[in-house]
Amino acid sequence: MTDLSFVIKVKDKAFLKAFGDHLKKLRDARGVSQENLALDANIAENQVGLIEKGRINTSISTLYALSKALDVNYKELFNFELKK
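Residues numbered from 1 in each chain as written. Predicted model: local features only at pLDDT ≥ 70, side-chain atom pairs only at ≥ 80, totals over all residues. Heavy atoms only, no water.

A.B. asks: What exactly am I supposed to notice about the overall build of the protein chain here?
C.D. replies: Looking only at helices and strands, the protein chain has 5 helices and 0 strands in total. Secondary structure of the protein chain in N-to-C order comes out as α-α-α-α-α. Look at the contacts in the protein chain between residues 6 or more apart in sequence, and 62% of them connect residues 24 or more apart. When the accessible surface of the protein chain is summed, it comes to about 6,100 Å², and 53% of that surface belongs to carbon and sulfur atoms. (Helix = DSSP H or I, 4+ residues; strand = E, 2+ residues; numbered from the N terminus. Contact = heavy atoms within 4.5 Å. Areas by Shrake-Rupley, 256 points an atom, 1.4 Å probe, with all protein chains shown as cover.)

A.B. asks: Explain the pattern of salt bridges to me, please; I cannot follow it from the model alone.
C.D. replies: With the rule as written, the count across this model stands at 4 salt bridges. A salt bridge links Lys24 to Asp28, with the nearest nitrogen and oxygen atoms 2.8 Å apart. Remark: Asp28 and Lys24 occur in helix H2 (residues 13–29); sequence separation between them is 4 residues, near one turn of the helix. Judged by relative accessible area, which is 37%, Lys24 ranks as partly exposed. With a closest N to O distance of 2.6 Å, Glu52 and Arg27 form a salt bridge. Of this pair, Glu52 sits in helix H4 (residues 45–52) while Arg27 sits in helix H2, placing them 25 residues apart in sequence. Both residues of the pair, Glu52 and Arg27, belong to the buried class. Each of Lys24, Arg27, Asp28 and Glu52 takes part in a single network of salt bridges with overlapping partners. (Salt bridge = Lys/Arg side-chain N within 4 Å of Asp/Glu carboxyl O. Buried < 20%, exposed > 50% of the residue type's maximum accessible area, 1.4 Å probe, protein only.)

What is shown is where atoms sit, not what they do.
Written out as structure tokens, the structure is:
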């Protein structure tokens, strides 16, 4: 069996925060509330808030659902600069 315990520790807080800030800007630019985004993406409302605050490392399936709910290409979710 392969030891995957290292995977749990992979978390770049600066990247997650920058991603969350970008997601919030995309959502705000479209005038969509966290609640409506969550409903449209079929995820829990608090999950949107946690992603936007950079508190969780979400799945690619969730990211795809968010892109569809925001009506943006999934690549647009990653179109942001990481502040150093």
